Amino acid sequence: MDIEIVSTDEAIAACYPVMRELRPHVGEQEFLSRVRAQQAVGYRLACLRTEGAPVAVAGFRIGENLALGRHLYVDDLVTLPDRRSMGYGSALLKWLRTHAVEHGCAQLHLDSGLQREAAHRFYEREGVVKSGFHFVEIFP
């Protein structure tokens, strides 16, 4: 098991089949350009590989604000469906925690869609607690 922040076009593109499981609305043709655009504002993509192939990925950023102080925010965290319950998600979350502490963060935050009940159970098992509600307004 190998976890690293990916930075080359090839390594980012190799993460697409995993990310597609969480973000099916993002097409393969636009994935790289969207990751690159987000990287310009601090987004990083961590990849967990087994036998050289990505099986879990996490998109995250380090931020600082008045409410949270310095924190790591997880935008995306997903494991291939046939590789779930094998410890890859736990390993990636542990890596994110370590990365956060190493970069001076006092907290880790993430949002999860209401329909993702299996993910909620995973986060709770991993010690990530529910702390609020996320509200959204979509503009025409």
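Because the structure is predicted, anything quoted here is derived from the model rather than measured.

Draft legend 1. Highlighting the pairing of strand E2 (residues 44–50). Among the seven residues that make up E2, six are buried, leaving the element largely enclosed by the rest of the structure. Where strand E1 (residues 2–6) and E2 come together, five bridges link them in antiparallel fashion. What sits directly across from Glu4, in E2, is Cys47. As judged from the seven bridges shared by E2 and strand E3 (residues 53–65), these two strands associate in the antiparallel manner. Within the sheet, the bridge partner assigned to Ala46 lies in E3 and is Ala58. Connecting E2 to the next strand, E3, in antiparallel fashion are two residues, including Glu51 with a positive phi near 50°.

Draft legend 2. Layout of the pattern of salt bridges. Enumeration according to the criterion identifies eight salt bridges in this entry. For Arg23, the salt bridge identified is with Asp76, shortest N-O distance 2.8 Å. Placement of Arg23 in the loop between helix H2 (16–19) and helix H3 (28–39) and of Asp76 in strand E4 (residues 69–79) is noted, with a sequence separation of 53 residues between them. Residue classification places Arg23 among the partly exposed positions, given a relative accessible area of 25%. Here Arg61 makes a salt bridge to Asp75, at a shortest N to O gap of 2.9 Å. Of this pair, Arg61 sits in strand E3 while Asp75 sits in strand E4, and the two are 14 residues apart along the sequence. Take Arg61: its relative accessible area is 36%, and that puts it in the partly exposed class. A network of salt bridges, in which partner residues are shared, links Asp2, Glu4 and Arg49.

What counts and how
Residues numbered from 1 in each chain as written. Predicted model: local features only at pLDDT ≥ 70, side-chain atom pairs only at ≥ 80, totals over all residues. Heavy atoms only, no water. Buried < 20%, exposed > 50% of the residue type's maximum accessible area, 1.4 Å probe, protein only. Helix = DSSP H or I, 4+ residues; strand = E, 2+ residues; numbered from the N terminus. Pairing = 2+ DSSP bridges. Salt bridge = Lys/Arg side-chain N within 4 Å of Asp/Glu carboxyl O.

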